[in-house]
Amino acid sequence: MRHFTSITQLGDIKQAVEKALYVKANPFADQELGRNRTLLMIFFNSSLRTRLSTQKAAMNLGMNVIVLDVNQGAWKLETERGVIMDGDKPEHLLEAIPVMGSYCDMIGVRSFARFENRNDDYTELILNQFIQYSGKPVFSMETATVHPLQTFADIITIEEFKKKERPKVVMTWAPHPKSLPQAVPNSFAEGINMTDYEFVITHPHGYELDPKFTGNATIEYDQDKAFEGADFIYAKNWSAYEAENYGKVLSMDRSWTVDARKMALTNNAYFMHCLPVRRNMIVTDDVIESPQSIVIQEAANRVVSAQTIIKEILLGL
Ligand code: CP
């Protein structure tokens, strides 16, 4: 594997999970693989889990790690071609990228959707510039439309906790005061569609995701009905995808918040969320603090997913 930009690149998801569980059981088995190799992690947006888990994963593989927060201490970067650079951005991404590539062996990029132009976001303009101009393997640490390292951790977690071969997994929209990207739900839908789980997505009208990602998943607009018999509840907010409302918050309806009454409709489901989560908007305190909440185990598996992917990239160098 050279670049990792989509969960679909994992191919056989069962085999990928087996590889990940080997990495989890033997975290320091490949310390020599990354010796004298450098990972550069570039953040255009904030992070807690991705930053720490990916750094830990690379360190487990014996790598050196450099982290750059583009918006804190670096030159402000122009990203558009043809712009007369007489404003507050003294450096262009098209010089910055090859320079950054010259300092490392591999680059992780976090660059969220900017909601200025749906086409720019959905063609992954920034990520693809890194692939085109850095000369180095590049992986997504959540880019405009996808978060495959998160989804891989989610599927590893479901495989660890599932009590039946084919669990019912429900991804539910929940309210949030700000416009959030569709990256996590897009990748989650794409990843669950690679499994043989029963998969239901529930959201209010107007929050339909790009069908490229949701595929044949069942869409259920009645959240209570969707929750019936669920084995896993995966909560997430996302903003509107449809062209006329792209990136907008259409609803803050707290009747969609995941609470104990709704969890009681499920098959004693586990509660999942990628974090960070806004309590009592997305999920009530009692649900996230309940024994059925596996959000911490899910976040811990971010090290496992990142280490499995970075190992694959190192093997291809
Ligand atoms: N889930 C996730 O990617 O968390 P961070 O935004 O904190 O990295």
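None of the values given here were measured: they were computed from a predicted structure. Positions within a chain are numbered from 1, following the residues in the order the chain's sequence is written. Only residues with pLDDT of 70 or above have their local features reported here, since the model is predicted, and side-chain atom pairs are shown and tallied only from 80 upward, although totals for entire chains, interfaces and linings are computed over all residues. As a convention, hydrogens and water are excluded, and side-chain values are obtained from all of the structure's heavy atoms.

So, about the site of the ligand. Proximity is defined per residue: any heavy atom of the residue falling within 4 Å of a molecule or strand makes that residue near it. Near the ligand the following residues occur: Ser47, Leu48, Arg49, Thr50, Arg110, His147, Gln150, Cys274, Leu275 and Arg302. Any pair of N or O atoms that falls within 3.5 Å is considered a polar contact. Within protein, one atom must be able to donate a hydrogen and the other to accept it, and sequence-neighbouring residues count only if both atoms are side-chain atoms. Residue serine 47 places a side-chain N or O atom 2.7 Å away from an oxygen atom belonging to the ligand. Within the backbone of cysteine 274, a nitrogen or oxygen atom sits 3.0 Å from a nitrogen atom of the ligand. The protein chains shown are the only cover counted for residues, whose accessible areas, like all others here, come from Shrake-Rupley with a 1.4 Å probe. Notes on the ligand: free accessible area 250 Å², of which the protein chains cover 93%. Looking at the shell around the ligand residue by residue, the classes come out as 3 nonpolar, 4 polar and 3 charged. Under the convention adopted here, Pro, Cys and the residues Ala, Val, Leu, Ile, Met, Phe, Trp and Tyr are nonpolar, Asp, Glu, Lys and Arg are charged, and Gly plus all remaining residues are polar.

Another point: the sheet that holds strand E6 (residues 138-140). The strand order across the open sheet formed by 4 strands is E2-E1-E5-E6, and the pairing between neighbours is parallel. Because the sheet does not close on itself, it has two edges, and the strands there are strand E2 (64-69) and E6. Strand-to-strand twist in this sheet, taken as the mean axis angle between neighbours without regard to direction, amounts to 20 degrees. Relative to E6, strand E5 (residues 106-110) is paired through 3 bridges, and the arrangement is parallel. Counted as the bridge partner of glycine 108 is phenylalanine 139 from E6. Any two strands with at least two DSSP-identified bridges between them are counted as paired. Strands are runs of DSSP state E lasting at least 2 residues, helices are runs of H or I lasting at least 4, and numbering of each runs from the N terminus. Orientation is described by lines fitted to C-alpha atoms, with helices fitted over the stretch in contact, and by angles between N-to-C directions that extend from 0 to 180 degrees.

Turning our eyes to something else, we now look at the packing of helix H1 (residues 13-25) against helix H12 (residues 295-315). In helix packing, the relevant descriptors are the interaxial angle and the interaxial distance, both defined with respect to the helix axes. Interaxial distance between H1 and H12 falls to 9 Å at its minimum, and their mutual angle equals 110 degrees. Accordingly, the angle class assigned to the pair H1 and H12 is roughly perpendicular. Residues Lys19, Ala20, Tyr22, Val23 and Lys24 of H1 form the contact with H12, whose own contacting residues are Asn301, Val304, Gln307, Thr308, Lys311 and Glu312. Grouping the amino acids of the contact of H1 with H12 by side-chain chemistry returns 4 nonpolar, 3 polar and 4 charged. Throughout this description, any angle smaller than 35 degrees is read as roughly parallel, any larger than 145 degrees as roughly antiparallel, any in the 65 to 115 degree range as roughly perpendicular, and the remainder as oblique. Contacts are assigned to residue pairs that have any heavy atoms within 4.5 Å of one another.

With respect to the element layout, aspartate 253 can be found in the loop between strand E10 (232-236) and helix H10 (260-263). You can call aspartate 253 partly exposed: its relative accessible area is 35%. Once the C-alpha coordinates of aspartate 253 and proline 204 are considered, the two residues, 49 residues apart in sequence, prove to be 9.2 Å apart. With sequence-adjacent residues up to four places away left out, aspartate 253 is seen in contact with Trp173 and Pro175. Side chain to side chain, aspartate 253 and serine 255 meet in a polar contact 2.8 Å long. Relative accessible area decides the class of each residue, using a 1.4 Å probe on protein chains only: under 20% of the type maximum gives buried, over 50% gives exposed, and in between gives partly exposed.

The next subject is the environment of aspartate 259. When you line up the elements, aspartate 259 lands in the loop between E10 and H10. Taking relative accessible area as the criterion, aspartate 259 reaches 22% and is therefore assigned partly exposed. Each C-alpha atom, one on aspartate 259 and one on isoleucine 288, is 9.0 Å from the other, the two residues being 29 residues apart in sequence. Setting aside chain neighbours within four positions, we find aspartate 259 in contact with Thr284 and Val287. Engagement of the side chain of aspartate 259 in a polar contact is seen with the backbone nitrogen of lysine 262, the distance being 3.0 Å.

This part covers the side chain of threonine 151. With respect to the helices, strands and loops of the structure, threonine 151 is situated in helix H6 (residues 148-161). When its relative accessible area of 1% is taken as the criterion, threonine 151 is described as buried. Polar side-chain contacts of threonine 151 include one of 3.4 Å to the backbone oxygen of serine 187. When sequence neighbours within four positions are dropped, the list of residues in contact with threonine 151 reads Ile7, Val184, Ser187, Phe188 and Gly191.

Across the sheet, which stays open at both edges, the 5 strands sit in the order E9-E8-E7-E10-E11 with parallel pairing between neighbours. The open sheet is flanked by strand E9 (218-220) and strand E11 (270-272), the only strands paired with a single partner. Across the sheet, the mean angle separating the axes of adjacent strands is 25 degrees when strand polarity is ignored. Relative to strand E8 (residues 198-202), strand E7 (residues 168-173) is paired through 5 bridges, and the arrangement is parallel. Paired with lysine 168 across the bridge in E8 is glutamate 198.

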